[in-house]
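Chain and residue survey
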Amino acid sequence: MVALVTGASRGIGKACALKLADLGYDVAVNYVRNREAAEEVAEEIRAMGRRALTIAADTSDEAAVRAMFRTAAAELSGIDVLVNNAGVVDDRYLLMLTEESLDKSLAVNIKGYFHCAQQAALKMMKKKSGMIINISSVSSVLAIPGQGVYSATKAAVNAMTATLAKELARYGIRVNGIAPGFIQTDMMEHIPAEQKEAYLSSIPMGRFGKPAEVAEAVAALLSPAFSYMTGQTLLLDGGLSL
Ligand code: NAP
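Below, the structure is looked at part by part.

Reading the values: rules and limits
- Residues numbered from 1 in each chain as written.
- Predicted model: local features only at pLDDT ≥ 70, side-chain atom pairs only at ≥ 80, totals over all residues.
- Heavy atoms only, no water.
- Pairing = 2+ DSSP bridges.
- Helix = DSSP H or I, 4+ residues; strand = E, 2+ residues; numbered from the N terminus.
- Axes fitted to C-alpha atoms, helices over the stretch in contact; angles between N-to-C directions.
- Contact = heavy atoms within 4.5 Å.
- Left-handed = near helix turned anticlockwise from the far one by under 90°.
- Nonpolar A, V, L, I, M, F, W, Y, C, P; charged D, E, K, R; others polar.
- Buried < 20%, exposed > 50% of the residue type's maximum accessible area, 1.4 Å probe, protein only.
- Salt bridge = Lys/Arg side-chain N within 4 Å of Asp/Glu carboxyl O.
- 1 Å grid on protein atoms, 1.4 Å probe; cavity = no way out; pocket = protein on both sides within 12 Å on 5 of 7 lines; lining within 4 Å.
- Points joined across faces, edges and corners; volume = space filled by probe spheres on them.

Here we have seven strands laid out as an open sheet, ordered β3-β2-β1-β4-β5-β6-β7, and parallel in their pairing. Each edge of the sheet is formed by a strand with only one pairing partner; in this case those strands are β3 (52-56) and β7 (233-236). On average, each strand axis in the sheet is inclined to that of its neighbour by 15°, with strand direction left out of account. The strands touched by helix α2 (residues 35-47) within the sheet are β2 (26-31) and β3, with β3 carrying the most contacts at an inclination of about 165°. Where helix α3 (residues 62-76) meets the sheet, it contacts β1 (2-5), β2, β3 and β4 (81-84), and its direction lies at approximately 165° from that of β3.

What follows is the structure, given as C-alpha cells:
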C-alpha cells in the first residue's frame, strides 16, 4: 500500500508520513523548499522497513503535481492514500490584506488540494479503492480575527471534502477531513506569546495539540472503525470550537 503526504517535511505532514509508515505504507514525502528535512523523514521511514521517496513540488502548480503523482505511482506502485496537508497561513486583518497574500493562500490551500485530489483520484479509480484525507482547520468553523482568508480556504476544504466524497464514492474512494485546532508546529511560530496565552485559555482541554495526535486521527480514519464514513470533517481541537 502506498500513501502520498503533501507538506510532509515538517509538522503535521511529517507525523502523518511516519504514522503511515508505521501502519505499513510506503510513503511519498512531498515538500516545497526544505529538501534536507524531507530526506530525514524519508530516512526515518526507510529505517522502519518501508520504501520512501521525497518529491519537491509546489502543490499550487498543476504541472508539478501531475509530475509528482506520475513519479510516485511509477516508483512506489500506485497511490492508495492521499493526505492533502500542505498549507500556508498568513494572518492579516482585512484592511492589511494584499492581493499577493490572498492569491498565495487560495493557490496553496484550495487549488493545491484540488490538483492533488484530482491526480490521486485518477490513480485510485483504476483500483476502485482509495482514501483522500484533507487536513482542514478549526478555523473553518470558528471565526478568529486575522484569519479571514485562512478560514475561507479551510471552509472551502470542508465543502470540497463533502462534494468529492459524493462524486467519488461510486469508484470506491472515500474522502474525509480532519480539522485540527492549534497544533504545535512551525505554523504557530508567528503567533505572539500573549496571543498564544489567550488562545490557550480558550481551549477547554487546556493545551495545544501535538502533530502525532493528528496522525493518530488519520490512522483512525483509515481503520475499519470508520469504513462506512465519507464526506465528513472531524474536529480535533481539544474543545476549542465548542
Ligand atoms: P508547517 O509546520 O508550516 O509545515 C508546512 C508544510 O507544508 C511543510 O512541509 C512545507 O514544506 C509544506 N508546504 C508549504 N507550502 C507548500 C506548497 N506550496 N507545496 C508543497 N508543500 C508545501 O505546517 P503544519 O502546522 O504542519 O500544517 C499542516 C496543515 O495543517 C496545513 O494545511 C495547516 O493549515 C493545517 N493546520 C495546522 C494547524 C496548526 O496549528 N499547526 C492547525 C489547523 C490546521 P517545506 O518544509 O518544504 O517548506
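Now that the structure is up, let's keep going.
Quick look at the packing of α3 against helix α4 (residues 99-127) now. Put simply, α3 and α4 touch, their axes get as near as 9 Å, and they point 35° apart. By crossing handedness, the relation of α3 to α4 is classed as right-handed. Here α3 contributes Glu62, Val65, Arg66, Met68, Phe69 and Ala73 to the contact with α4, which in turn contributes His115, Cys116, Gln118, Gln119, Ala120 and Lys123. When grouped by side-chain class, the residues that make up the contact of α3 with α4 number six nonpolar, three polar and three charged.

Looking now at unusual backbone geometry. Positive phi, close to 70°, is recorded for Ser77, a residue that is not glycine. Relative to the helices and strands, Ser77 resides in the loop between α3 and β4. Positive phi values are uncommon outside glycine, yet Lys128 reaches one of about 60°. With respect to the helices, strands and loops of the structure, Lys128 is situated in the loop between α4 and β5 (130-135). On the basis of relative accessibility, which here comes to 53%, the residue Lys128 falls in the exposed class.

On to the pattern of salt bridges, then. Counted under the stated rule, the structure contains 10 salt bridges. Of the charged contacts in the structure, one is a salt bridge between Arg10 and Asp186, with a shortest N-O distance of 2.9 Å. Here Arg10 is found in the loop between β1 and α1 (11-22), whereas its partner Asp186 is found in the loop between β6 (173-180) and α6 (193-201), with 176 residues between them in sequence. Note on Arg10: relative accessible area 39%, which makes it partly exposed. Classification of Asp186 as partly exposed rests on a relative accessible area of 45%. Each of the salt bridges in this network shares a partner with another, and the network as a whole consists of Lys19, Asp22 and Glu216.

This brings us to the layout of surface pockets. Here the idea is plain: a probe the size of a water molecule rolls over the atoms and shows the empty space left. In this structure, the largest pocket spans a volume of roughly 870 Å³. Around the largest pocket, the lining comprises 41 residues; the ones closest to its centre are Asn85, Ala86, Gly87, Val88 and Met187. Looking at the lining of the largest pocket, the elements with two or more residues in it are α1, β2, α4 and α5 (148-168). Class assignment for the residues of the lining of the largest pocket results in 19 nonpolar, 16 polar and six charged.

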